[in-house]
Amino acid sequence: MTDPAPSLAKTIARRDFIRKAASGTVIAAMGGGLYTISDHLTSEAKAQSRADGRARVPPGQRVISALKPMGGQAGDPARSSVKIKVHGEVERPLELDFRELLGMDAIDTRADVHCVTGWTMLDARWKGVRVKDLAEKAGLKDSARHVIFESAHGYTANVRLDEGLADNVMIVWEHDGRPLRRPHGAPVRALVPDLYFWKSSKWLTGIRFTRRDQPGYWETRGYSNHADPWKEERYA
Ligand SMILES: Nc1nc2c(c(=O)[nH]1)N[C@H]1C(S)=C(S)[C@@H](COP(=O)(O)O)O[C@H]1N2
Ligand SMILES: [Mo]
C-alpha cells in the first residue's frame, strides 16, 4: 500500500475528524499534540462490528483523533544500533539489525489500538513484520507457551503464545507512512492491537519465547495479566 501524499491525507483526515466530531468533544493538548476525543464518532464506530464479530469499540472506550504519547523511558533512537533478539524457546536464536528487518517481507496494514486509560485509535497505519514470521525464522520450539516483549530499561510485556502469534501481532518501525516517532517507541516497537496498548512495548530490544509466564512491567503493578479490552480486563 503506497500513499502518494500521506501528510495531505492526514491533514484532510484530521479536518474531517474535527468537522464530524461536532458536539461532545474534548480537546486536550499534551506534548505539543492535539487530541480530539469524539462522542459522536464513538457512537458511530460503536454501531460497527469487526470481521471477527466483535464490537469495533470495546466497552468503556472513546475514539481519539491521533495516537497520544503515553510516556515511558525511551531507548536509543538510532536505527544503526537496533539489535532485536529473538530468543528463548527457539532452535536458532536471532539478533536482527535494522537492515535485516528491512530485508524481511514487510507488511503495511491498519489496526485499531485501545489504551487502558480509555482512548481508542481507529485505523492506525503500521509497517513492520509479524512476530509469527520471526518465530518461524528462529525455529520456535513446541515448548514455548508465552511471548515476552523486552524493551529498553527493563520494560517487559507478556502475551500468551497463541495471542502473540496472531496475524496482526507485529514489530513495527513506521506509523502513518512515516518512521515511528521517538515518543511512540522508535526505532522499533511491538504492536499487539487486540490487547490493551501497554502490551505493545515501545523501544523494543527483544522477543523472548518462554515456557512459563513472566508478568511484565504493568502486570506486576496491578494491571491485568491478560488485558483483553472486550472483557475490560484493566486491573488485576
Ligand atoms: N518500553 C515501554 N513500552 C511501553 C510503555 C512504557 O512505559 N515503556 N508504555 C505502554 C503503555 S502504558 C501504553 S498505553 C503504550 C502507549 O504507546 P504510545 O505512547 O505510542 O501511545 O505504550 C506501552 N509501551
Ligand atoms: Mo497505558
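What counts, and at which threshold
- Residues numbered from 1 in each chain as written.
- Chains lettered and ligands numbered in written order.
- Predicted model: local features only at pLDDT ≥ 70, side-chain atom pairs only at ≥ 80, totals over all residues.
- Heavy atoms only, no water.
- Pairing = 2+ DSSP bridges.
- Helix = DSSP H or I, 4+ residues; strand = E, 2+ residues; numbered from the N terminus.
- Axes fitted to C-alpha atoms, helices over the stretch in contact; angles between N-to-C directions.
- Phe/Tyr/Trp six-rings, centres within 6.5 Å; stacked < 30°, edge-to-face > 60°.
- Buried < 20%, exposed > 50% of the residue type's maximum accessible area, 1.4 Å probe, protein only.
- Lys NZ or Arg CZ within 6 Å of the ring centre and 35° of its normal.
- Arc of directions from axis to C-beta.

K.L.:
So what exactly am I meant to see when it comes to the sheet that holds strand E8 (residues 146-151) here?
P.N.:
Whenever strands of a sheet pair, they do so through backbone hydrogen bonds, lying parallel or antiparallel. Spatially, 5 strands are ordered E5-E4-E13-E8-E9 in an open sheet, and the strand pairing comes out mixed. Two strands bound the open sheet, and with one partner strand each, they are strand E5 (94-96) and strand E9 (156-160). Across the sheet, the axes of successive neighbouring strands diverge by a mean angle of 15 degrees, strand direction being ignored. Where E8 and strand E13 (residues 204-210) come together, 6 bridges link them in antiparallel fashion. In the strand pairing of E13, isoleucine 148 is matched with arginine 208.

K.L.:
Before we go on, may I ask you to explain the packing of aromatic side chains in this structure?
P.N.:
The relative placement of two aromatic rings is captured by the distance of their centres and the angle of their planes. Evaluated as defined, the whole model comprises 8 aromatic pairs. For the ring pair tyrosine 217 and tryptophan 218, a centre distance of 5.0 Å and an interplane angle of 85 degrees mean the geometry is edge-to-face. Tyrosine 217 sits in the partly exposed class, given a relative accessible area of 30%. Measuring from centroid to centroid gives 5.3 Å for tryptophan 218 and tyrosine 223, while their planes differ by 75 degrees, and the two rings are edge-to-face. For tryptophan 218, a relative accessible area of 32% corresponds to the partly exposed category. Of the aromatic side chains, those joined through ring pairs into one cluster are Tyr155, Tyr196, Trp198, Tyr217, Trp218, Tyr223 and Tyr235. Between the NZ or CZ atom of arginine 54 and the centre of the ring of tryptophan 230, over which it lies, the distance is 4.3 Å. Against the face of tyrosine 217 rests arginine 221, its NZ or CZ located 3.7 Å from the ring centre.

K.L.:
How should helix H4 (residues 131-138) be read in this particular structure?
P.N.:
Count 3.6 residues to each turn of an α-helix, and residues three or four apart come out pointing the same way. Of all the residues in H4, the buried ones are Val131, Leu134, Ala135 and Ala138. For H4, the angular spread of the buried residues around the axis is 100 degrees, confining them to a single face. Just past H4, the residue glycine 139 takes up positive phi, approximately 75 degrees.

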